[in-house]
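Survey of secondary and tertiary structure
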Amino acid sequence: MVRVVKKPEERKSEIIDVACQLFLSKGYDSTTMKDVMRHLGIAKGTIYHYFSSKEELLEAVIDSVAEGEMMRLKELLDNIEGTALERLEHLILSGSNQDADDEHKELLDHLHQTSNAGMHIRLLAKVVTKQAPLYAELFRLGCKEGIFTTDHPLECAEFLLSGIQFLTDMGIYPWTEDQIERRWIAFPKLIESQLGAPAGSFSFLLKTSSAR
Amino acid sequence: MKVQIGNESIMYNEIKEAGCTLFRSQGFEETSVADLVQKIHIREQDFYIYFRSIDELLEVVWSES
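In this text the structure is predicted, and so the values were computed from the model without any measurement.

Rules used throughout
Residues numbered from 1 in each chain as written. Chains lettered and ligands numbered in written order. Predicted model: local features only at pLDDT ≥ 70, side-chain atom pairs only at ≥ 80, totals over all residues. Helix = DSSP H or I, 4+ residues; strand = E, 2+ residues; numbered from the N terminus. Buried ≥ 20, exposed ≤ 12 C-beta atoms within 10 Å, placed from the backbone. Contact = placed C-beta atoms within 7 Å. Expected span 1.5 Å × (residues − 1). Bend = angle between axes of the 7 residues up to and from the residue. Core = buried A, V, L, I, M, F, W, Y, C linked by C-beta atoms within 7 Å. Domains from an automatic or database assignment. Nonpolar A, V, L, I, M, F, W, Y, C, P; charged D, E, K, R; others polar. pLDDT = per-residue confidence, 0-100. Axes fitted to C-alpha atoms, helices over the stretch in contact; angles between N-to-C directions. Parallel < 35°, antiparallel > 145°, perpendicular 65-115°, else oblique.

**Let's talk about the overall build of chain A**
Of regular secondary structure, chain A possesses 10 helices and 0 strands. The helix and strand sequence of chain A, counted from the amino end, reads α-α-α-α-α-α-α-α-α-α. Here chain A, with 212 residues, has 24% of them falling under the buried criterion. The long-range share in chain A, meaning contacts at least 24 apart out of those at least 6 apart in sequence, stands at 60%.

**So, the overall build of chain B**
The secondary structure content of chain B amounts to 4 helices and 0 strands. Scored against the burial criterion, the 65 residues of chain B give a buried share of 25%. Partitioning the intrachain contacts of chain B with sequence separation of at least 6 by distance along the chain shows that 48% fall at a separation of at least 24.

**Concerning helix H9 (residues 177-195) of chain A**
Residues and elements named next belong to chain A. For H9, which comprises 19 residues, the first-to-last C-alpha distance of 28 Å matches the rise-based estimate of 27 Å (1.5 Å per residue) to within 8%. At Phe 187, H9 shows its maximal kink, close to 30°; a proline, Pro 188, follows between one and four residues later. Gly 196 lies just past H9 and shows a positive phi near 60°.

**Considering the environment of Leu 24 of chain A**
Residue and element names in this part refer to chain A. Along the chain, Leu 24 falls in helix H1 (residues 8-26). Overall, Leu 24 belongs to the partly exposed group, with 16 C-beta atoms counted inside 10 Å. When the C-alpha positions of Leu 24 and Trp 184 are compared, they lie 29 Å apart, and in sequence the two are 160 residues distant.

**Some points on the environment of Pro 8 of chain A**
The topology assignment puts Pro 8 of chain A in helix H1. With 42 residues separating them along the chain, Pro 8 of chain A and Tyr 50 of chain A place their C-alpha atoms 8.6 Å apart.

**Structural notes on H1 of chain A**
Residue and element names in this part refer to chain A. In this model, H1 (19 residues) spans 26 Å end to end at C-alpha, consistent with the 27 Å of a helix rising 1.5 Å per residue. Turning to H1, its buried residues are Ile 15, Ile 16, Val 18, Ala 19, Cys 20, Leu 22 and Phe 23. One or two steps after H1, the chain reaches Gly 27, where phi turns positive at roughly 95°.

**Notes on the nonpolar core**
Side chains that are nonpolar tend, in soluble globular proteins, to be buried together. If you look at the biggest cluster of nonpolar residues, it comprises 53 residues, and the most contacted ones within it are Ala 19 and Val 61 of chain A together with Leu 58 of chain B. With 9 residues, the top contributor of residues to this core is helix H7 (residues 117-145) of chain A. Taken domain by domain, the makeup of this core includes at least three residues from each of domain 1 (1-52) and domain 2 (61-211) of chain A. Setting aside its immediate chain neighbours within four residues, Val 61 of chain A contacts Ile 16, Ala 19, Cys 20 and Phe 23 of chain A.

**Here we look at the interface of chain B and chain A**
With 10 residues of chain B at the contact, the number on the chain A side is 9 residues. Elements represented by at least two residues in the side of chain B that touches chain A include exactly helix H1 (10-26) and helix H4 (54-64) of chain B. Looking at the side of chain B that touches chain A element by element, the count peaks at 5 residues for H4 of chain B. A class-by-class count of the residues in the side of chain B that touches chain A yields 4 nonpolar, 2 polar and 4 charged.

**Here's the deal with unusual backbone geometry**
Within the chain, His 41 of chain B stands out as a residue other than glycine whose phi angle is a positive 55°. By the secondary structure assignment, His 41 of chain B is in the loop between helix H2 (33-40) and helix H3 (44-50).

**A closer look at the confidence of the model for chain B**
Summary statistics for chain B give a mean pLDDT of 88 and a share of 88% for residues scoring 70 or more. For this predicted complex, the interface confidence score (ipTM) comes to 0.75, while the overall pTM stands at 0.77.

**A short note on the environment of Thr 83 of chain A**
Mapping Thr 83 of chain A onto the fold places it in the loop between helix H4 (54-78) and helix H5 (84-95). The sequence separation of Thr 83 of chain A and Lys 6 of chain A amounts to 77 residues, and the corresponding C-alpha distance is 45 Å.

**Some remarks on the packing of H1 of chain B against H4 of chain B**
Residues and elements named next belong to chain B. Where H1 contacts H4, the axes come no closer than 10 Å and their chain directions differ by 90°. Classified by the angle between their axes, H1 and H4 sit roughly perpendicular to one another. Where H1 abuts H4, its residues Ile 15, Lys 16, Gly 19, Cys 20 and Phe 23 lie against Leu 57, Leu 58, Val 60 and Val 61. Grouping the amino acids of the contact of H1 with H4 by side-chain chemistry returns 7 nonpolar, 1 polar and 1 charged.

Right, here's the structure in full:
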């Protein structure tokens, strides 16, 4: 085997990428170190050097998925002009229903399948903590514009994201169609009251629920 | 004569634990079967009852820890 010297960070992210593909295609439980090794052509010791357990590797995969998703949204947000509410609408509407989101969903589905509940919750938590600052920034802007009123924009974002994400996760709550629809219909009003926003300002959310 | 209770025998777990400790402290590349058996005072052939190689031990330790 030819020894290729790579930068540690590069090597690490290579391992994470391959592991992510393997976890998705083979499942977390059936993925072995040997699989990762074969795909990358590196020695077992090398993998061990970066990740001293499989769980640590999964943690890194989860982090990278959540980080990638956050960066995608951040980029999206940087390119939207408008009021806080307009930008929020854009962020929420175009933030979902995209390829990257599908991939993210696939990972989530997989976490359900393998009854990897702990891991699943950790991914949800990671997504919330990474994305909340983006939303908080818009909430802050909204407060400046006088459309929102909150003293805790970050916590408000975390609260709303956790609540919505957790409640609409069918792997956690096995809602029927009608039950989930009921929740989606209630969310705009709940968000408006959290943010002290004018009635109807979050009605655009109803569009996403019917698209689901 | 050793009593073996499936895979969950005491020695099996002892080997796993020692493997974990050694891999962490001195690195996988630097750990040999000889180091390991010396550490927990077992014979080398006992190691091979449970694991085909040090690689296999690493795989198990890595997946389970």
